[in-house]
Amino acid sequence: MTIKQIPTQPFSDQRPGTSGLRKKVTRFQQPHYLENFVQSIFDSVGDIQGKTIVVGGDGRYYNQQAIQIIIRMAAANGIGRVMVGRAGLLSTPAASTVIRKYRTHGGIILSASHNPGGPDGDFGIKYNTANGGPAPEKITEAIYQRSREIEHYLILDSIDTPLDQCGSYSVGNMTVEVIDPVADYAELMEELFDFDAIHDLLTGGFALRFDAMHAITGPYAREILENRLGAAAGTVMNGNPLPDFGGHHPDPNLAHAKALVEQLFSEEGPDFGAASDGDGDRNMILGKNFYVTPSDSLALLTANANLVPGYQKGIAGVARSMPTSLAVDRVAERLGIDCYETPTGWKFFGNLMDAGKVTLCGEESFGTGSSHIREKDGLWAVLFWLNILAARKQSVADIVQQHWAEYGRNFYTRHDYEEVDMEEAQGIMEHLEQQFPTLTGRRLGSYRVEQCDNFSYTDPVDGSTSSSQGIRILFEGGSRIVYRLSGTGTVGATLRVYIESYDPDPRNHQQDPQQALEPLIDIAVELGQIDSRTGRTRPSVIT
Ligand code: G16
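Residues numbered from 1 in each chain as written. Predicted model: local features only at pLDDT ≥ 70, side-chain atom pairs only at ≥ 80, totals over all residues. Heavy atoms only, no water.

K.L.:
I would appreciate a short explanation of helix α12 (residues 347–354) in the present structure.
P.N.:
Each α-helix winds once per 3.6 residues, and so residues spaced three or four apart point in a common direction. With respect to burial, α12 is a largely interior element, 6 of its 8 residues being buried. G356, located one to two residues past α12, shows a positive phi value of around 75°. (Buried < 20%, exposed > 50% of the residue type's maximum accessible area, 1.4 Å probe, protein only. Helix = DSSP H or I, 4+ residues; strand = E, 2+ residues; numbered from the N terminus.)

K.L.:
How do you make sense of the packing of helix α13 (residues 378–392) against helix α14 (residues 396–407) when you look at a structure like this?
P.N.:
In a packed pair of helices, the relevant descriptors are the angle between the two axes and the axis-to-axis distance. Where α13 meets α14, the axes come as close as 11 Å, and the angle between the chain directions of the two elements is 90°. With respect to each other, α13 and α14 are oriented roughly perpendicular. For the pair α13 and α14, the contacting residues are W385, I388, L389 and R392 in the first and V396, I399, V400 and Q402 in the second. Here the contact of α13 with α14 is built from residues that sort into 6 nonpolar, 1 polar and 1 charged. (Axes fitted to C-alpha atoms, helices over the stretch in contact; angles between N-to-C directions. Parallel < 35°, antiparallel > 145°, perpendicular 65-115°, else oblique. Contact = heavy atoms within 4.5 Å. Nonpolar A, V, L, I, M, F, W, Y, C, P; charged D, E, K, R; others polar.)

K.L.:
Teacher, can you tell me more about the side chain of E500 here?
P.N.:
Tracing the backbone shows E500 in strand β26 (residues 493–503). From its side chain, E500 meets the backbone nitrogen of L326 in a polar contact 2.8 Å long. Contacts of E500, omitting those with residues within four sequence positions, involve T324, S325, L326, N410, F411, Y412, S479, R480, L517 and L520. (Polar contact = N/O pair within 3.5 Å; in protein donor to acceptor, adjacent residues only side chain to side chain.)

K.L.:
Whenever I open this one, the site of the ligand confuses me. Can you help?
P.N.:
Close contacts around the ligand come from 18 residues, with E363, S486, G487, T488 and R496 the closest. In this structure, S365 approaches the ligand through a side-chain N or O atom, which is 2.7 Å from an oxygen atom. The contact in question runs from an oxygen atom of the ligand to an N or O atom on the side chain of R484, over 2.7 Å. When isolated, the ligand has an accessible area of 470 Å², and the protein chains bury 99% of it. A class-by-class count of the residues in the shell around the ligand yields 1 nonpolar, 10 polar and 7 charged. (Near = heavy atom within 4 Å. Areas by Shrake-Rupley, 256 points an atom, 1.4 Å probe, with all protein chains shown as cover.)

K.L.:
Honestly, α14 in this entry has me stumped. Any pointers?
P.N.:
Across its 12 residues, α14 extends 17 Å between first and last C-alpha, which sits within 8% of the 16 Å expected from 1.5 Å per residue. Within α14 the residues assigned to the buried category are V396, A397, I399, V400, H403, W404 and Y407. Down the axis of α14, the sector holding all buried residues measures 165°, keeping them to one side. Looking one or two residues past α14, G408 carries a phi angle of roughly 90°, positive in sign. (Expected span 1.5 Å × (residues − 1). Arc of directions from axis to C-beta.)

K.L.:
Sorry if this is basic, but what is going on with the state of the cysteines here?
P.N.:
Disulfides are covalent bonds that connect the sulfur atoms of two cysteines. On inspection of all chains with the given rule, the structure shows 0 disulfides. Free cysteine C339: the closest other cysteine sulfur is in C361, separated by 11 Å. (Disulfide = S-S within 2.5 Å.)

K.L.:
I keep staring at the nonpolar core and nothing clicks. Help me out?
P.N.:
Inside soluble globular proteins, nonpolar side chains tend to come together where they are buried. Ranked by size, the top nonpolar core spans 71 residues in total, and within it F272, W380 and L386 carry the most contacts. Per-element tally for this core: the top contributor is α13, with 11 residues. Looking at which domains feed residues into this core, each of domain 1 (3–181) and domain 2 (185–407) gives three or more. Among all residues touching L386, those that are not within four sequence positions of it are I198, L201, L202, F206, L208, L225 and F272. (Core = buried A, V, L, I, M, F, W, Y, C linked by side-chain atoms within 4.5 Å. Domains from an automatic or database assignment.)

K.L.:
Please clarify how the pairing of strand β25 (residues 480–485) should be interpreted in this entry.
P.N.:
Each regular strand shows side chains that alternate between the opposite faces of the sheet. Burial analysis of β25 places 5 of its 6 residues in the buried class, which makes it a mostly covered element. Here strand β24 (residues 471–475) pairs with β25 via 4 bridges, running antiparallel. Each residue of the ladder has a partner; that of R472, found in β25, is V482. Bridge analysis of β25 against β26 gives 6 bridges, and the strand direction is antiparallel. Its bridge partner lying in β26, L485 is registered against L495. (Pairing = 2+ DSSP bridges.)

K.L.:
For this particular structure, what's the right way to read the environment of V54?
P.N.:
Inspection of the secondary structure puts V54 in strand β3 (residues 52–57). Among all residues touching V54, those that are not within four sequence positions of it are M83, L90, V98, I99, T104, G106, G107 and I108.

What follows is the structure, encoded as structure tokens:
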């Protein structure tokens, strides 16, 4: 087997976004495209000679081919050992678990998360560091800079490695260890949660439905929920991972997990429903006839963490991304713990966790997690909820409504305008910024603007600063409108508008959020001139 040095030329579009490099599959299939990026990773993440890395992905189209290329490039670049999930599968939280447990140098995760898959769908690749979390900006930026000057890459001239069974293989001087993708993760979950109590709940007449959306969490959910926790066979829907996710969008929200939502909102429906996304790091939580917003879920988990064995020693602090609602801030205040506000992107939580400042964190984009790993974790959130339900013996709706009565309700919605022309989207952001000088103190409908800015964050641990992270219009009384452009889309721009108001009065808590927020939604559209600039009269997705 010989090491080949293949001449190449840089691609100009390899700057990682919110979570790694995401592009159409067809872009990744272009000659040298994946290889250039992988070589740029190997050249930018410190000394990798003889080290171990983890490789796995969500099983989407092109996962298998990409893994074989990465294995051959890893061998050619002097890596000592690659740990790969069987069949090339590893959910994002499981990859983080394995990196941490076996103290590897890092890992490469192949996924475009909740984006659709298949030959015409999306693919993605990102690097996670030794703490198990997404590489921080200084590393992703170094990878990008390297990708702009790359002239060749190294690859071993070898045959494909069999990945269908656990075992060890030699590829050149490197070892490939094919591991069970579920075992280490399931073991960690058993350490954190009261499996006996959840088992009693699930075998005592409580009906659960979990939608794996034909994505990576099928095997994990079957093993944990059905095999270990006794949930009825068939609890896991769409449990077989498919390369194109069955033609669906593996995005656990009200729009894309429709079949699950219909079940939960039907007469005969189960007591609890949940779904996870393409790579298993997102979650949606539903009760009978009840949807829990991700922002409320984070607040609820924080307020009830004392009921869960893994968190009974206490919570150091919490963190949320800037656009996530302020519901958790109120819980943190009551608990007397710090609450950090970071830019969007899980990578910003890692430093806070490594420094012991934060135990729980979450985002409005259906992500919740804790310091057990350094990624958000879909099934973990489901188990956390089941543990709370087993302890409190109340319905989801009762628990959430009781929470609102105690803390007040943060009405919240996100309106997405997808596939907008990039220049138009940037024009909206510029137009908003231009209004800053005259906005503060101005009355808009019944709201008065208290402050407006483009969010900037200085990491309290390493002092690094990230600016232009989203436009915030903050109103007196705690209402907010936030505008930002997504960093994960692959076509044009996605404008996200986040709208929030706070109401302490329980008599108003039953309102539909779209109605409660209507005046603010109108203000958001008008301030951004969204209709006239995009030609859209309504958002593409409302969550
Ligand atoms: C990624 C990031 C999240 C972020 C989400 C949406 O999640 O890890 O931190 O909230 O993208 O980002 P954006 O609003 O920029 O599209 P995932 O699940 O897609 O990996």
